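# Per-entry structural report
Spelled out, the chains give:
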Amino acid sequence: QGDVYAFLQKHSAGLTIVDPRTTNALLAKKGITQQTIRGLTMDEICAILDVEFVVTGGITQNRVAEMTSSSSSGNITNSWNGNKDKTSGSAYSSSSSFQYYSNAVTLQIYNDRNDEIFNENRKGLLNTTDGSYSAPLEFLLKKCPLYRK
């Protein structure tokens, strides 16, 4: 919610974008939960929120690969000279592990007449190690009819 709001707030000239906190508060005051919202049509949600459009969607993240690498090296020297012995050494060890995620974003926009005016999905072009979905989300938001430069 917050990412979509922040992006559209900057790029929707002439439209008032309702912040997620207000949206969630209005729904809660009407007794609408994550479970009960599924039973409402988009025009009903528009009427409850007193808005012309509703943006909905989802993000799917899948772990597609895991890579672990490690390396180590060492050097130990012993020398004996009569009763005296010397030992010196050094060691180095390193390991790293990465998990790669694929991300897909789905975005739909409905108007207050329950018409679906936008329905697109986008997969991230590259798998990421941080699970970031911002690139496919911004791509879809730039294609949607609410976007203005």
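### A closer look at the overall build of the chain
Regarding its fold elements, the chain presents 4 helices and 3 strands. Ordering the α and β elements of the chain from the N terminus gives α-α-α-β-β-β-α. Pairs at least 24 apart in sequence give 61% of the contacts found in the chain among residues at least 6 apart. Surface accessibility of the chain: about 10,600 Å² in total, with carbon and sulfur atoms responsible for 47%.

### A few points about the layout of surface pockets
The gaps of empty space that remain are located by a probe, the size of a water molecule, rolled over the atoms. Looking at the largest pocket, its volume works out to about 1,200 Å³. Forming the boundary of the largest pocket are 37 residues, of which Gln 1, Thr 23, Val 54, Val 55 and Thr 56 lie nearest the centre. Only α1 (2-10), α2 (20-29), α3 (42-49), β1 (53-81) and β2 (84-111) provide two or more residues apiece to the lining of the largest pocket. For the lining of the largest pocket, the residue count by class is 24 nonpolar, 10 polar and 3 charged.

### Here's the deal with the pattern of salt bridges
Per the stated rule, a full pass over the model turns up 3 salt bridges. In this structure, Asp 115 and Arg 113 form a salt bridge, with 3.7 Å as the shortest nitrogen-oxygen distance. By relative accessible area, Asp 115 is classed as partly exposed at 37%. Using a relative accessible area of 58% as the deciding quantity, one classes Arg 113 as exposed.

What counts and what doesn't
- Residues numbered from 1 in each chain as written.
- Predicted model: local features only at pLDDT ≥ 70, side-chain atom pairs only at ≥ 80, totals over all residues.
- Heavy atoms only, no water.
- Helix = DSSP H or I, 4+ residues; strand = E, 2+ residues; numbered from the N terminus.
- Contact = heavy atoms within 4.5 Å.
- Areas by Shrake-Rupley, 256 points an atom, 1.4 Å probe, with all protein chains shown as cover.
- 1 Å grid on protein atoms, 1.4 Å probe; cavity = no way out; pocket = protein on both sides within 12 Å on 5 of 7 lines; lining within 4 Å.
- Points joined across faces, edges and corners; volume = space filled by probe spheres on them.
- Nonpolar A, V, L, I, M, F, W, Y, C, P; charged D, E, K, R; others polar.
- Salt bridge = Lys/Arg side-chain N within 4 Å of Asp/Glu carboxyl O.
- Buried < 20%, exposed > 50% of the residue type's maximum accessible area, 1.4 Å probe, protein only.

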